[in-house]
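Here is what each chain is made of, one letter per residue.
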Amino acid sequence: MKSFEFTLLKECPECGNPLSIGFARCTNPGCTRLRPEFEPHGAVVTSKSGPCMWSGKRTDVRLPDGKYLWAPYFLDAVRAGWLDNEYRFTEKYRAARDNKNK
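In this text the structure is predicted, and so the values were computed from the model without any measurement.

Criteria and thresholds
- Residues numbered from 1 in each chain as written.
- Predicted model: local features only at pLDDT ≥ 70, side-chain atom pairs only at ≥ 80, totals over all residues.
- Heavy atoms only, no water.
- Helix = DSSP H or I, 4+ residues; strand = E, 2+ residues; numbered from the N terminus.
- Buried < 20%, exposed > 50% of the residue type's maximum accessible area, 1.4 Å probe, protein only.
- Contact = heavy atoms within 4.5 Å.
- Areas by Shrake-Rupley, 256 points an atom, 1.4 Å probe, with all protein chains shown as cover.
- Lys, Arg positive; Asp, Glu negative; His and termini not counted.
- Charge placed at Lys NZ, Arg CZ, Asp CG, Glu CD.
- pLDDT = per-residue confidence, 0-100.
- Salt bridge = Lys/Arg side-chain N within 4 Å of Asp/Glu carboxyl O.

Engineer: What is the right way to look at the overall build of the chain in this model?
Structural biologist: The helix and strand inventory of the chain stands at two helices and two strands. Helices and strands appear in the chain in the N-to-C order β-β-α-α. Seen through its C-alpha atoms, the chain measures out along the principal axes to roughly 45 × 30 × 25 Å. Burial analysis of the chain (102 residues in total) assigns 36% to the buried set. Once local pairs closer than 6 in sequence are excluded, the contacts in the chain between residues at least 24 apart make up 34%. About 6100 Å² of surface is accessible on the chain, with carbon and sulfur atoms providing 50% of the total. For the chain, the centre of its 17 positive side-chain charges and the centre of its 12 negative side-chain charges are spaced 5 Å apart.

Structure representation (structure tokens):
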């Protein structure tokens, strides 16, 4: 399955502004609409940006533990079952991470 990095919308459906791939919200100050893909996940979208814990790229997607995830990485993690309904990392994520580090 392709990463959301390659399938996210390129333009804001509200204002037509080009969307920054790493952000869940339109960066046009007059708009700031959530990407449609993030409408069910608005609880993790913040007005401040920070560095993604995996790539260091700037993003506005912040997990409850304070860590940031680049927007497409967040969606990939949700789809993979790496985040639970409260957006906390699951055992499935820890197992995948541990297998990668072996």
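Still more ground to cover, so stick around.
Engineer: Hey, could you run me through the confidence of the model for the chain in this one?
Structural biologist: It should be kept in mind that the predicted coordinates are not to be read in detail where pLDDT is low. Of all residues in the chain, 96% attain a pLDDT of 70 or more, and the chain-wide mean is 92. Ranking the helices and strands of the chain by mean pLDDT puts strand S2 (residues 58-61) first, with 98, and helix H2 (residues 91-100) last, with 85.

Engineer: How do you make sense of the pattern of salt bridges when you look at a structure like this?
Structural biologist: Pairing is possible between side chains that carry opposite charge, provided their charged atoms lie close to one another. Per the counting criterion, the structure on display carries six salt bridges. In this structure, Arg33 engages Glu14 in a salt bridge whose closest nitrogen and oxygen atoms are separated by 3.7 Å. Of this pair, Arg33 sits in the segment before strand S1 (45-51) while Glu14 sits in the segment before S1, placing them 19 residues apart in sequence. Close ionic contact of Arg94 with Glu91 constitutes a salt bridge, the shortest N to O distance being 3.1 Å. Of the two residues, Arg94 and Glu91 both sit in helix H2, three residues apart, roughly one turn of that helix. Given a relative accessible area of 30%, Arg94 falls into the partly exposed group. Several salt bridges share partner residues, and in doing so they unite Glu14, Arg33 and Glu39 into one network.

Engineer: Quick question: what am I supposed to make of the environment of Pro13 here?
Structural biologist: If you trace the backbone, Pro13 turns up in the segment before S1. Sequence-wise, Pro13 and Arg33 are 20 residues apart; in three dimensions their C-alpha atoms are separated by 8.7 Å. Once residues lying within four places of it in the same chain are set aside, the contact partners of Pro13 are Arg33 and Pro36.

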